[in-house]
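What follows is the residue order along each chain.
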Amino acid sequence: MHVSSEDERLLKEGGYLAKALETVIKVGEAVKADRLLDVDTVHVSGVSYLTIGDAGLEFLRDISSSGARFRVFTTVNPAGVEYGNLNLPVNEAFIRRQMEIIDYLRRMGASLWLTCTPYEFIRPQPGSIHAWGESNAIAYINSVNDAYTEKLPGPFTIMIAIAGKVPRFGLYVEENRVPKVIVKVNARLTPVKAGLLGRITAGKLKGEVPFIDYDNWDKQLLKSFLASYATYSPTPLAVIKGINPNWRRYLSMVDKPDSITIDDAELRYEQPIEYDALFIGCPHASLEEVMSIVKVLEKHGYRRLAKPLIVSTSRFIKSTLSPELINKLKEANVYLITDTCPMVSPILQGLGIRSVATPSSKAIFYLPRLVNVNAMPCSIEDCLESELSNH
Ligand SMILES: C[C@@](O)(CCOP(=O)(O)O)CC(=O)O
């Protein structure tokens with residue numbers, strides 16, 4: 001692998017920067033990269049004490065106390081609790097360790113966005129280079145912006161943030177981004193169905209990049225499809241007709257593609273009846289998603305829900321809501337949580353919730369595996385309507 005003379009010089013200087021650069025070069029050699037690329041932004045995942053435990057905490061403590069600092073703009077994924085909120089049902093030792101983790105990241109220079117949807121606030125240019133660790137966000141900027149990032153493990157993104165460089169391999173190489181299978185979608189997508197489409201598409205392919213032929217996308221459908229697709233596929237990129245700014249060029253590069261069709265019948269699901277809570281916010285709910293549930297609650301005069309509705313979002317989205325609205329939501333039994341996500345937090349267990357209904361296929365995959373909570377597909381608006389009309 002080619003290493004520039006500037007990087008050779010940095011390696012000789014020693015210290016934390018040389019160590020991080022050496023790690024990036026070693027990984028680059030292992031994945032047969034030809035050279036290193038400068039990165040514009042890094043997004044670090046795996047920052048919850050629930051998923052990384054003491055080993056992850058010690059890793060971050062060691063690196064931050066070596067004096068290491070991030071060379072590029074770096075944001076971080078949701079943590080295990082709300083930052084600074086001690087009122088949620090989570091034990092003190094967990095909160096203390098979580099705050100320690102966040103503090104190490106802050107010391108190294110991370111911007112504490114604590115959200116899995118940094119693409120709500122960063123609009124990367126086509127072809128720009130990023131090193132992100134959260135699969136839904138990776139799939140989103142790869143597919144919607146045609147920005148370049150591979151799916152990178154959390155600890156490796158820390159090394160990249162310090163070195164400011166990533167090996168050029170996989171989806172950093174244009175020819176690996178060319179679709180191999182055309183997926184024709186014969187259905188009318190809703191957010192739940194878009195999630196199911198992501199899982200089914202991933203299941204039918206063997207990791208090839210798909211070209212998705214469907215015309216009626218909106219932001220919520222894209223987000224739901226891509227989050228699910230990236231959960232179930234090793235390849236976090238789908239070239240989407242009419243969405244990827246370079247989709248026509250990619251299509252012209254496709255050579256003898258396979259083709260499959262996915263029909264509405266494959267996207268059917270039963271609305272669940274038995275569940276302890278409703279959940280939206282995997283990935284973190286956008287303002288549009290929050291407002292779509294506010295609309296239903298408002299129609300019913302903010303009548304208190306018998307079962308709680310958990311909404312996880314970023315602190316930025318919450319900050320756009322008035323204190324009066326936040327209070328009305330609280331009175332209506334809505335938990336608006338920020339900086340965290342029920343998948344990487346002991347919050348659901350603390351609230352005694354053992355099963356949720358959710359539109360998120362990603363949450364349906366991870367909630368049982370990470371926090372032992374059963375999850376089933378539902379349209380939140382339909383569940384809210386039926387609950388509020390029946391009481
Ligand atoms: C729990 C978590 O690992 C979810 C899975 O991540 P991903 O979809 O594989 O990026 C994310 C995280 O730990 O920050």
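All of these numbers come straight from a predicted model, not from anything done at the bench. Every chain is numbered independently, its residues counted from 1 as its sequence is written. pLDDT decides what is reported in this predicted model: residues at 70 or higher carry local features, side-chain atom pairs at 80 or more are listed and counted, and totals for whole chains, interfaces and linings draw on all residues regardless.

Asker: With reference to specific residues and values, describe the domain arrangement of the protein chain.
Answerer: Each domain span listed reflects an automatic or database assignment of domains. Taken domain by domain, the protein chain holds domain 1 (5-173), domain 2 (178-267) and domain 3 (277-390). Domain 1 and domain 2 are separated by 27 Å when their C-alpha centres are compared. With C-beta atoms placed from the backbone, a contact is any residue pair whose C-beta atoms sit within 7 Å. Domain 1 puts 12 residues into the contact, and the matching count from domain 2 is 15 residues. Ten residues, namely Ala, Val, Leu, Ile, Met, Phe, Trp, Tyr, Cys and Pro, are considered nonpolar, four, namely Asp, Glu, Lys and Arg, are considered charged, and the remaining ones, Gly among them, are considered polar. In the side of domain 1 that touches domain 2, the residues fall into six nonpolar, four polar and two charged.

Asker: Break down the nonpolar core for me, citing the residues and quoting the values.
Answerer: By size, the foremost hydrophobic cluster in this structure holds 108 residues, and its most contacted members are Leu105, Ile160, Leu226 and Val356. In contact with Val356, other than residues within four places in its own chain, are Tyr275, Asp276, Ala277, Leu278, Phe279, Leu367, Val373 and Ala375. The nonpolar core is taken to be a set of buried Ala, Val, Leu, Ile, Met, Phe, Trp, Tyr and Cys residues joined by way of C-beta atoms within 7 Å. The burial criterion counts other C-beta atoms lying within 10 Å of a residue's C-beta, which is placed from the backbone; the residue is buried at 20 or more, exposed at 12 or fewer, and partly exposed between these limits.

Asker: I'd like a rundown of the site of the ligand, residues and numbers included.
Answerer: Being near a molecule or strand means, for a residue, that its C-beta atom, positioned from the backbone, comes within 6 Å of it. Residues in close proximity to the ligand include Ser45, Gly46, Ser48, Thr51, Asn77, Glu134, Ser135, Thr231, Met343, Val344 and Tyr366, which together make up its full environment. Each residue belonging to the shell around the ligand can be placed in one class, and the counts come to three nonpolar, seven polar and one charged. Split by domain, the shell around the ligand shows at least three residues from each of two domains, domain 1 (5-173) and domain 3 (277-390).

Asker: Describe in detail the environment of Phe59, supporting the description with residues and values.
Answerer: In this fold, Phe59 is placed in helix α3 (residues 49-65). In sequence terms Phe59 and Tyr275 are 216 residues apart; their C-alpha atoms lie 38 Å from each other. Helical segments are the DSSP runs of H or I of at least four residues, strand segments are the runs of E of at least two, and each set is numbered from the N terminus.

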